[in-house]
There are 2 protein chains.
Amino acid sequence: MLEGKWKLVILFHLFGGRVLRFSELERAIPAISQKMLIQQLRQLESDGIVRRIVHPEVPPRVEYRLTDWGQSLCPALDALLQWAERRPDA
Amino acid sequence: MLEGKWKLVILFHLFGGRVLRFSELERAIPAISQKMLIQQLRQLESDGIVRRIVHPEVPPRVEYRLTDWGQSLCPALDALLQWAERRPDA
DNA sequence: CGGCATCCCAGGTGATACTG
DNA sequence: CAGTATCACCTGGGATGCCG
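Now for a look at the structure at hand. Predicted, not measured: the structure shown is a model, and the values here were computed from it.

A short note on the interface of chain B and chain A
Taken residue by residue, the interface counts 16 residues in chain B and 15 residues in chain A. Looking only at chain B, the three residues that lose the most surface to chain A are Trp69(B), Trp83(B) and Arg87(B), adding up to 47% of its buried area. Our count for the chain B to chain A interface comes out at 0 salt bridges. Linking chain B with chain A are 6 residue pairs in polar contact (both at pLDDT 80 or more), by the criterion used here. Among the elements that line the side of chain B that touches chain A, the one with the most residues is helix α5 (residues 74-85) of chain B, at 5 residues. Residues of the side of chain B that touches chain A, tallied by class, amount to 10 nonpolar, 2 polar and 4 charged.

Given below as C-alpha cells:
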C-alpha cells in the first residue's frame, strides 16, 4: 500500500480540531492495518504534527489530535485539493 | 529511498517552465537511480503533470517539461514549503 | 543518448498471537 | 482497549548489461 498516503488520510480525519481514539481511527480507516496505523501515527507524532494523549485509566484510553503546527497544515493541503479538482480531463 | 519524494524533487527542477533533457535531470539529481528517475517521470507523465517530448534525431534527444496543469501545482507546493519553514522547534 | 530487461536482496507488510 | 512480538512473504528498488 506504499505507506505514504496513510499519513494524509489520518490528517484529514484529525483536521478541524477533532480528537479521536485509536479504535475510532481504526474504524474510520478500515483499509489500514493496525500495525500501519500505529506506525504512521508514531511518525506523525515524532514529526510534531500529531499529539498522543494517554489517559491513565482502566480500560486504557489513548487519544490523538493535531498539534497547532499540524493544524496549520490544513490551508496548504486545501490548496492541493483545489488544484486536484481543477484537473483538466481524466 | 521510499520513492514518493522524488516526484517533488523532479517537479522543483521543472517549475518555472524549465525544459530539461533526461541526462540533465540525471545530473541535477545525482542521488536518484536511473530506474527510479524513469519510473517517476513516467508516472508524472501518465498523471498529466509532465510532458515528454521525443525529438526524432540521431543521437536521440528527449526533453521533459511541465504541462499547464503541472505548472499550476506550483502555488500549492509553495504553500507547503512555507508551512514547513514555519516549523516550531527541531 | 535514452531507456528497457534481468537479476538479486533488504526490509516493508500483513496475519496472527500475546500482554498490560 | 491499545498496543507489542514474531514470522513468513513478496514487492520495491539498486546494479548491471544490452538495444535502437
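The structure having been displayed, the exposition proceeds.
Let's talk about the relation of the copies chain B and chain A
Mapping chain B onto chain A is achieved by rotating through 180 degrees and translating by 0.1 Å along the same axis, at an RMSD of 0.1 Å. Seen this way, the second copy is the image of the first under a two-fold rotation axis. If distances are taken from each C-alpha of chain B to the rotation axis, the shortest is found for Ala76(B), at 3.2 Å. Interface overlap between copies is the fraction of interface residues in one copy that are interface residues in the other; for chain B against chain A it reaches 94%, indicating a shared surface.

Rules used in this analysis
Residues numbered from 1 in each chain as written. Chains lettered and ligands numbered in written order. Predicted model: local features only at pLDDT ≥ 70, side-chain atom pairs only at ≥ 80, totals over all residues. Heavy atoms only, no water. Contact = heavy atoms within 4.5 Å. Buried area = accessible area lost by both parts, 1.4 Å probe. Salt bridge = Lys/Arg side-chain N within 4 Å of Asp/Glu carboxyl O. Polar contact = N/O pair within 3.5 Å; in protein donor to acceptor, adjacent residues only side chain to side chain. Helix = DSSP H or I, 4+ residues; strand = E, 2+ residues; numbered from the N terminus. Nonpolar A, V, L, I, M, F, W, Y, C, P; charged D, E, K, R; others polar. Least-squares fit on C-alpha atoms with pLDDT ≥ 70 in both.

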